[in-house]
Amino acid sequence: MDSVLPSEIAELAARVVAENKAAGRMVAIAESCTGGLVAAALTEVPGSSAVLGYGYVTYSNDAKMKMLGVNEDIIDTFGAVSVAVAWAMAQGALKKSGADVAVAISGVAGPDGGSANKPIGTVVFAVALKGQNPEDVVGDRKSYGSDKSRADIRAFATLHALELLLPSAP
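Below you will find a few notes about this structure. All values derive from a computational prediction rather than experimental measurement. (Residues numbered from 1 in each chain as written. Predicted model: local features only at pLDDT ≥ 70, side-chain atom pairs only at ≥ 80, totals over all residues. Heavy atoms only, no water.)

## A closer look at the environment of Lys130
The line we're drawing: Helix and strand labels come from DSSP, where a helix needs a run of H or I of at least four residues and a strand needs a run of E of at least two; each type is numbered from the N terminus. Residue contacts are defined here by distance: any two heavy atoms, one from each residue, within 4.5 Å place the two residues in contact. By the criterion applied in these results, polar contacts are pairs of N or O atoms within 3.5 Å in which, for protein atoms, one can donate a hydrogen and the other can accept it, and in which residues neighboring in sequence qualify only through two side-chain atoms.
By the secondary structure assignment, Lys130 is in the loop between strand E4 (122-129) and strand E5 (139-143). In the structure, Lys130 is positioned 11 residues away from Arg141 in sequence and 22 Å away in space, judged by C-alpha atoms. Once you skip the residues sitting within four places of it in the chain, Lys130 turns out to touch Leu94, Gly98, Ala99 and Asp100. Of note is the side chain of Lys130, whose polar atom sits 3.4 Å from the backbone oxygen of Gly98.

## Thoughts on the pattern of salt bridges
Quick note on the threshold: Salt bridges are identified by distance alone: a Lys or Arg side-chain nitrogen within 4 Å of an Asp or Glu carboxyl oxygen. Burial classification: accessible surface area is computed with a 1.4 Å probe over protein chains only, and a residue below 20% of its type maximum counts as buried, one above 50% as exposed, and the rest as partly exposed.
Tallied over the full model, the rule gives four salt bridges. A salt bridge links Arg15 to Glu19; the nearest nitrogen and oxygen atoms lie 2.7 Å apart. Here Arg15 and its partner Glu19 are both found in helix H1 (residues 7-23), four residues apart, which amounts to about one turn of the helix. The exposure class assigned to Arg15 is partly exposed, which follows from its relative accessible area of 40%.

## A word on helix H5 (residues 83-97)
In an α-helix, one turn spans 3.6 residues; hence positions three or four apart end up facing the same way. Put simply, the rule reads: One fewer than the residue count of a helix, multiplied by 1.5 Å, yields its expected span.
The end-to-end C-alpha distance of H5, which contains 15 residues, comes to 21 Å, matching closely the 21 Å that a straight helix rising 1.5 Å per residue would cover. In terms of burial, H5 is largely enclosed, as 11 of its 15 residues are buried. Residues of H5 that are buried sit in contact with strand E1 (27-31), strand E2 (52-57), helix H3 (61-68), helix H4 (72-78), strand E3 (101-107) and E4. With its phi angle positive at about 75 degrees, Gly98 sits one or two positions after the end of H5.

## Things to note about helix H6 (residues 150-164)
The end-to-end C-alpha separation of H6 is 21 Å, in line with the 21 Å expected for 15 residues at 1.5 Å each. Inspection of H6 places Ile153, Ala157, Thr158, Leu159, His160, Ala161, Leu162 and Leu164 among the buried residues, and these make up the whole buried set. Residues of H6 that are buried in the fold lie against H1, helix H2 (37-43), E3, E4 and E5.

## As for the sheet that holds E3
What holds strands together in a sheet is hydrogen bonding between their backbones, with the strands either parallel or antiparallel. Defined as follows: Should DSSP find at least two bridges between two strands, the strands are regarded as paired. Orientation is described by lines fitted to C-alpha atoms, with helices fitted over the stretch in contact, and by angles between N-to-C directions that extend from 0 to 180 degrees.
Ordered in space as E2-E1-E3-E4-E5, the five strands form an open sheet in which the pairing is mixed. Every interior strand has two partners, whereas the edge strands, E2 and E5, have only one. Strand-to-strand twist of the sheet, defined as the mean angle between neighbouring strand axes without regard to direction, takes the value 15 degrees. Looking at chain direction, E1 and E3 are connected through five bridges and run parallel. In the sheet register, Glu31 faces E3, and the bridge partner there is Ile105.

## Here's the deal with the packing of aromatic side chains
Each aromatic ring pair is specified by the distance between its two centres and by the angle formed by the two planes. Keep this limit in mind: Note on aromatic pairs: the rings of Phe, Tyr and Trp (six-membered ring only in Trp) are paired at centre separations within 6.5 Å, and the planes decide the class, stacked below 30 degrees, edge-to-face beyond 60, tilted for the rest.
Under the counting rule described, the total for this entry stands at two aromatic pairs. With a centroid separation of 6.0 Å and an interplanar angle of 20 degrees, the aromatic rings of Tyr54 and Tyr56 are classed as stacked.

## Some thoughts on the packing of H3 against H5
To keep it simple, the criterion reads: Left-handed describes a crossing whose near helix is turned anticlockwise from the far helix through less than a right angle; right-handed describes the clockwise counterpart. Under the scheme applied, nonpolar residues are Ala, Val, Leu, Ile, Met, Phe, Trp, Tyr, Cys and Pro; charged residues are Asp, Glu, Lys and Arg; polar residues are all the others, including Gly.
Remark: H3 packs on H5, axes separated minimally by 9 Å, with the N-to-C direction vectors making an angle of 35 degrees. The hand of the H3/H5 crossing is left-handed. Taking contact as the criterion, the partners of Lys64, Met67 and Leu68 in H3 are, on H5, Val85, Ala88, Met89, Gly92, Ala93 and Lys96. Looking at side-chain class alone, the contact of H3 with H5 contains six nonpolar, one polar and two charged residues.

Here it is, written out as structure tokens:
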């Protein structure tokens, strides 16, 4: 398959589309540090419209609040790069899109913006499923390392988000 993206991402995106189509699942994406890369990977796949209905790029906290309904108190309490905020992003994407599954990504891709608690390379993810109890948080925090480039961190985060969209994922 011809793609503007690295082959590993393109191949996984094709698998995500095929497996979700076979499962009859619609997906939604809420992206911050990946800036639309997950949605871009999926839309590289012919027939992806059968699976992807909504992709939100909510780079700023304001966008997270306005587009996804993330409560400002959650951002103030935990910070934008937290499982709590990713969970709220995923829940908002699920609710607003009507999808069967939503994945959210937020992180510190660098080269600046890191802190002692959230160094460069820290990325958080959340998966929300239709019909799931919103109190049952499905979140993940990865540390890709502050020695990685911004491009590498965003690529690793895109791959992990795609993996979370597979029907066999949590």
